[in-house]
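# Architecture and fold: a report
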Amino acid sequence: AGFTSKIEVEARTLEEGFEAAGAGADIVMLDNMAPETLKAAAAELKAAHPHLIVEASGGITFETMHEYFSPHVDVVSRGNLTQGYDVLDFSLKIARASDKAALAKA
């Protein structure tokens, strides 16, 4: 990857997190862990890889977000911001001048 690209790897366990960090990942997303488990894993990862960005994710809501705050967690992601909502599909179509004239006659 180029110098402006970041490699993020999702990890379900501390072992997967160490594997990703050891392979050169810039960001390790610790997914679906209990808050205390995640914070302990983040601390271990940061101790071994100080420049690693650690992201908490998976089942985090506005009400539970504070449980994931830690000096070792850099990012907390809330998927419920984009999940479970209806989609609105729209487009912006620009008609050519010749199309406008044809539409005006119809």
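Please refer to the structure higher up on the page.
Report on the accompanying structure.

Conventions used here
Residues numbered from 1 in each chain as written. Predicted model: local features only at pLDDT ≥ 70, side-chain atom pairs only at ≥ 80, totals over all residues. Heavy atoms only, no water. Helix = DSSP H or I, 4+ residues; strand = E, 2+ residues; numbered from the N terminus. Expected span 1.5 Å × (residues − 1). Buried < 20%, exposed > 50% of the residue type's maximum accessible area, 1.4 Å probe, protein only. Arc of directions from axis to C-beta. Contact = heavy atoms within 4.5 Å. Pairing = 2+ DSSP bridges. Right-handed = clockwise from strand over helix to strand, strands pointing away. Core = buried A, V, L, I, M, F, W, Y, C linked by side-chain atoms within 4.5 Å. Polar contact = N/O pair within 3.5 Å; in protein donor to acceptor, adjacent residues only side chain to side chain.

To continue, consider helix 2 (residues 35-48). The first and last C-alpha atoms of helix 2 sit 20 Å apart over 14 residues, in line with the 20 Å expected at 1.5 Å per residue. For helix 2, every residue scored as buried is listed here: P35, L38, A41, A42, L45 and K46. Down the axis of helix 2, the smallest arc covering the buried residues is 130 degrees, so these residues share one side. Looking at helix 2, the residues exposed on the side facing more than 90 degrees away from the buried face are E36 and A47. The elements touched by buried residues of helix 2 are helix 1 (14-22), strand 2 (27-31) and strand 3 (53-57).

We now examine the pairing of strand 2. Where burial is concerned, most of strand 2 is hidden: five out of the five residues are buried. Residues I27, M29 and D31 point to one face of strand 2 and V28 and L30 to the other, with burial holding for every one of them. Direction of pairing for strand 1 (residues 8-11) relative to strand 2: parallel, over a ladder of four bridges. Note on strand 2: the bridge partner recorded for E10 is M29. In this view, the connection linking strand 1 to its parallel neighbour strand 2 by way of helix 1 has right-handed handedness. Across five bridges, strand 2 lies against strand 3 in parallel orientation. Residue pairing across strands places D31 opposite S57, the latter belonging to strand 3. Taking the sense of rotation as the criterion, the β-α-β connection linking strand 2, helix 2 and strand 3 turns out right-handed.

Membership of the largest hydrophobic core comes to 19 residues, with the highest contact counts inside it found for V28, L30, L38, L45, L52 and A56. Elements that contribute at least two residues to this core include exactly helix 1, strand 2, helix 2 and strand 3. Among the elements that line this core, the one with the most residues is helix 2, at four residues. If sequence neighbours within four positions are ignored, L30 has contacts with A11, L38, A41, A42, L45, V54, E55, A56 and S57.

The subject of this paragraph is the side chain of K46. Along the chain, K46 falls in helix 2. Residue classification places K46 among the buried positions, given a relative accessible area of 16%. Here the side chain of K46 touches L52 through a polar contact of 2.6 Å, landing on its backbone oxygen. Within polar-contact distance, the side chain of K46 engages the side chain of D74 at 2.7 Å. Beyond its immediate chain neighbours, meaning those up to four positions away, K46 contacts L52, I53, V54, H72 and D74.

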